[in-house]
Amino acid sequence: MPRRTYNRVVAEDPDIRGGIEDLRERIRYHNRRYYVEDAPEITDAEYDALYKELEALEAGHPELVTPDSPTQRVGAEPLEEFEQVRHAVPMLSLANARKLEDLREWDARVRRLLGEDEEPQLRYVTELKIDGLAVSLRYEKGLFARGATRGNGAVGEDVTANLRTVRSIPEKLSDDPPEVLEARGEVYIPLDRFEEFNRRQEAEGKRPFANPRNLAAGSIRQLDPRIAASRPLSVFCYGVGEGGERYESHSATLDALRSYGLRVNPYKVHEEIGSVVEECAYWTRERGSLGYQIDGVVVKVDSREQQRALGSVAKAPRWAIAYKFEPLAAHTRLEDIIVNVGRTGALTPQALLAPVNVGGVTISRATLHNEDYVKEKGILVGDEVVVERAGDVIPQVVRAIPEERTGGEHAFEMPKTCPVCGEPVARPEGEAVTRCVNARCPAQALEHIIHWSSKAAMDIEGLGEKVATKLFDLGLIKDAADVYGLRPEQLEPLEGFGEKSAENLARAIEKSKEQPFPRVLYALGIRHVGTVTAGLIAGRFGGEDLLRGVSVEQLAEIEGIGNVVAQAVVDYFALEDNRNLVERLMAAGLNFEREATGPSEGPFAGKRVVITGTLSRPRGYFVERLEEAGGTFTSSVSKNTDYVLAGEEAGSKLEKANALGVPVLDEAAFEELLP
Ligand SMILES: [Zn+2]
């Protein structure tokens, strides 16, 4: 039996089926307004309410769940490997123009090939070249059926499950799409979301991604779709493979894609090459003004007939060319290397540079990542260096220019003591990062307060980096708990504060006490504990439990929590200073209550149960009964599974349960355990 009974529509209650379909239509409409047209009509809260309503209805009627339902974007189960997809129409690469003159040469060649004498009516279309991952999106009868990577152009990988999680890719097309439409586009990550993601990554002690393209490509090429679902992916469509014959021009193709509800970037039509050159020159200057990265401008002959006449050569069409920007790089002098101490105590070497203009932005600092990076690159203090804006975001020193050395340069040494608190630093074996391990280190305290009030944590408006630093420097706050002792009358006399802003901040601080426990746990800034991990832990243990002492084994029993995270949590609560902080935060009225996901009592309390095979009733029925009895429904069998409820024709999950020695229940045995 298939994992989900998608098509077995039971006509027992037409009202519910109609209600579900109606909700789906409304959610699809608002998805399109929000993710594709960037013009939402309802608030996030209203959207969430619709979504939750649909989820609840579907949970009660799993037989009515269809693959095109908006709820199916959360990420299906992990795959063993990607299947290969042969593109019906190859995904060609484009010839490159490095200089603006190359565009004029290309134009001359196009005119020659089309027959100059006839003075062809030529029109060009320019589009921004999004720096992401090229994908193919196949729609059959208007429904998203398969997504694939470009691969080598002839064969790509089937990444349907991952692409289903991208909200700007509609599950269902509107208007009147062809029977088979294979749209092509670029999956990317907006810059602000990328920076936010990296900040979180660093806060969790994980390695940040070099640029948005790497993050986008890495997310799409994950076997576990839940990872893609957690990444801020978006898409721009720019062409059609299969099904594209019906459009007379490239611009008509783009208009059609937009009318189907696919996300298309604005394009421009040009009557002559001079205007194309201007457009390319414009974006070379203004590339930094967009909310996403582009690495060039694509120019195409608009008319499909002329495209056909021009044809392709060596896998690249003659009718298109990509004007590629030079990477944003510059030479400058590395004047000194200083060391920053982050919230997690990580010491990061930073290059102080002679100020230099890189792509319109003046750079005077750049990251050197860590001690090994400086050594491997052979970078000396005083060197002439090449600085790049990696993915145009974070400036970094990419290499030294040894030929320009004068002999006055010297090697960088990582300090043996913390530059902020003076205590000895440590570099654990096998790790690239040197850390200050003093829990009372002021650098960590201030960074921690900033993290505490950040958006994903307690979200205290008005307590950003600047204000926090000021209050910290004045000695008004030394740690996160002190924030709750601040009085408006203390703030009011401070520079930049008035009566109103002092009151506003006091109110925002008070309001943060309503934040749920998962946020509080995340805000504590325990290494490796991100928002998702915090939610998992908060579902099992409350603040009191954690203070009383929870073992690595107990934590690692939670699905999704590994030993590294578990150890980090245990280490955190083992420290006296941290325990004091938590106790003071509790006393200040912050929420440390376990996020109950179900009753903690009952015959299945705390038990993880996998349900598989064909049962006498819809799976949702058994899930409900299980949850009423305190159990948790999980989707995959592991050594942490307590029971497997197996129906007829249970497949690999049953085999795995037997192999791992997990107790298997049939329906009768399951019912017997229920109260
Ligand atoms: Zn320190």
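The model shown is predicted, which means the values in this text are computed figures rather than measured ones.

K.L.:
What should I look at first to understand the overall build of the chain in this one?
P.N.:
Helix and strand counts for the chain come out as 24 helices and 24 strands. Against the globule reference of 26 Å for 675 residues, the chain gives a C-alpha radius of gyration of 29 Å, in line with a compact fold. In terms of overall dimensions, the chain has C-alpha extents of about 90 × 80 × 55 Å along its principal axes. Looking at the chain as a whole, 47% of its 675 residues are labelled buried. Entry remark: accessible area of the chain is about 33,200 Å², with carbon and sulfur atoms responsible for 48%.

K.L.:
Where do I start with the sheet that holds strand E23 (residues 643-646) in this structure?
P.N.:
Either a parallel or an antiparallel arrangement is found when strands of a sheet pair, and the pairing is made through backbone hydrogen bonds. The sheet built from four strands is open, its strands ordered E22-E21-E23-E24 with parallel pairing. Of all the strands in the sheet, the pair left with one neighbour each is strand E22 (632-634) and strand E24 (664-665). Judged from the three bridges that link them, strand E21 (residues 608-612) and E22 form a sheet pairing that is parallel. In the sheet register, valine 610 faces E22, and the bridge partner there is threonine 634.

K.L.:
I tried to follow empty space enclosed by the protein on my own but got confused; where do I start?
P.N.:
Empty space among the atoms becomes visible once a probe the size of a water molecule is rolled across them. Applying the stated criterion to the full structure yields three cavities of 30 Å³ or more. Its boundaries defined by the atoms lining it, the largest cavity holds a volume of some 50 Å³. Elements with a minimum of two residues in the lining of the largest cavity: strand E1 (84-86) and strand E4 (133-140).

K.L.:
Help me understand the confidence of the model for the chain in this model?
P.N.:
A low pLDDT means the predicted coordinates there should not be read in detail. Averaged over every residue, the pLDDT of the chain is 86; the share at 70 or more is 94%. Note on residues 1-12: pLDDT under 50 across the span, and 25 contacts to partners over four residues away in sequence or across chains.

K.L.:
Help me understand the coordination of the zinc ion in this model?
P.N.:
Put simply, a metal with four donors set out as a tetrahedron has ideal angles of 109.5 degrees, and one with six donors set out as an octahedron has ideal angles of 90 or 180 degrees. Protein-derived ligands of the zinc ion are Cys418 (SG), Cys421 (SG), Cys436 (SG) and Cys441 (SG), with the metal-ligand distances lying across 2.2 to 2.4 Å. Coordination at the zinc ion is tetrahedral: its four donor atoms span angles of 101 to 116° at the metal. Mapped onto the sequence, the donors of the zinc ion take the spacing C-x2-C-x14-C-x4-C. Here cysteine 441 lies in the loop between strand E20 (434-436) and helix H12 (442-453) and cysteine 418 lies in the loop between strand E18 (394-400) and strand E19 (425-426), a separation of 23 residues in the sequence. With respect to burial, cysteine 418 and cysteine 441 carry one shared label: buried.

K.L.:
Even after reading the chapter, I still don't get the environment of arginine 579, so can you show me in this structure?
P.N.:
Along the polypeptide, arginine 579 turns up in helix H21 (residues 576-587). The exposure class assigned to arginine 579 is partly exposed, which follows from its relative accessible area of 24%. In this structure, the C-alpha to C-alpha distance between arginine 579 and arginine 111, residues 468 residues apart in sequence, is 75 Å. Those residues within four positions of arginine 579 in sequence are excluded, and the remaining contacts are Leu547, Phe573 and Ala574.

K.L.:
Just checking my understanding: could you explain helix H13 (residues 465-473) for this structure?
P.N.:
Structural remark: α-helix, 3.6 residues per turn; residues separated by three or four positions point the same way. Considered for burial, the residues of H13 that qualify are Val467, Ala468, Leu471 and Phe472. Projected down its long axis, H13 carries its buried residues within an arc of 130°, all on one side. Relative to its buried face, H13 has exposed residues pointing more than 90 degrees away, namely Glu465, Lys466 and Asp473. Those residues of H13 that are buried lie in contact with H12, helix H14 (488-491) and helix H15 (499-511). At the exit of H13 stands glycine 475, carrying a positive phi of roughly 80°.

K.L.:
It is not clear to me how unusual backbone geometry should be interpreted in this structure. Could you clarify?
P.N.:
Peptide bonds are mostly trans, and most non-glycine residues show a negative phi. Even without being glycine, histidine 369 reaches a positive phi, approximately 65°. Here histidine 369 is to be found in the loop between strand E16 (361-367) and helix H11 (371-376). Within the chain, histidine 528 stands out as a residue other than glycine whose phi angle is a positive 70°. Of note, histidine 528 is situated in the loop between helix H16 (517-523) and helix H17 (531-538).

K.L.:
Is there a simple way to think about the sheet that holds strand E2 (residues 95-97) in this case?
P.N.:
The strand order across the open sheet formed by five strands is E2-E13-E10-E3-E9, and the pairing between neighbours is mixed. Looking at the sheet topology across the chains shown, the edges are occupied by E2 and strand E9 (268-270). For this sheet, the mean angle separating the axes of adjacent strands, direction not counted, is 30°. Note that strand E3 (residues 124-130) and E9 share three bridges and pair antiparallel. What sits directly across from tyrosine 124, in E9, is histidine 270. Of the strands in this sheet, E2, E3, strand E10 (294-301) and strand E13 (320-324) are in contact with helix H3 (residues 100-114), which crosses E13 at around 175°. The sheet strands contacting helix H8 (residues 250-259) are E3, E9 and E10, and the helix crosses E3 at an angle near 50°.

K.L.:
Can you help me understand the packing of aromatic side chains in this one?
P.N.:
Centre-to-centre distance and the angle between the planes together describe a pair of aromatic rings. Considering all chains together, one arrives at 14 aromatic pairs under this definition. Seen in terms of ring centroids, tyrosine 323 and phenylalanine 325 are 6.1 Å apart; in terms of plane orientation they differ by 80°. Their pairing is edge-to-face. With respect to class, tyrosine 323 is no different from phenylalanine 325; both count as buried. Of the aromatic side chains, those joined through ring pairs into one cluster are Phe604, Phe622, Tyr643 and Phe670. Lying over the aromatic face of phenylalanine 236, arginine 263 brings its terminal NZ or CZ to 4.3 Å of the ring centre.

Scoring rules and cut-offs
- Residues numbered from 1 in each chain as written.
- Predicted model: local features only at pLDDT ≥ 70, side-chain atom pairs only at ≥ 80, totals over all residues.
- Heavy atoms only, no water.
- Helix = DSSP H or I, 4+ residues; strand = E, 2+ residues; numbered from the N terminus.
- Rg over C-alpha atoms; globule rule 2.2 N^0.38 Å.
- Buried < 20%, exposed > 50% of the residue type's maximum accessible area, 1.4 Å probe, protein only.
- Areas by Shrake-Rupley, 256 points an atom, 1.4 Å probe, with all protein chains shown as cover.
- Pairing = 2+ DSSP bridges.
- 1 Å grid on protein atoms, 1.4 Å probe; cavity = no way out; pocket = protein on both sides within 12 Å on 5 of 7 lines; lining within 4 Å.
- Points joined across faces, edges and corners; volume = space filled by probe spheres on them.
- pLDDT = per-residue confidence, 0-100.
- Contact = heavy atoms within 4.5 Å.
- Donors = N, O, S within 2.8 Å, 3.2 Å for Na, K, Ca; no water.
- Tetrahedral: all angles 85-135°; square planar, octahedral: opposite > 155°, others 65-115°.
- Arc of directions from axis to C-beta.
- Axes fitted to C-alpha atoms, helices over the stretch in contact; angles between N-to-C directions.
- Phe/Tyr/Trp six-rings, centres within 6.5 Å; stacked < 30°, edge-to-face > 60°.
- Lys NZ or Arg CZ within 6 Å of the ring centre and 35° of its normal.

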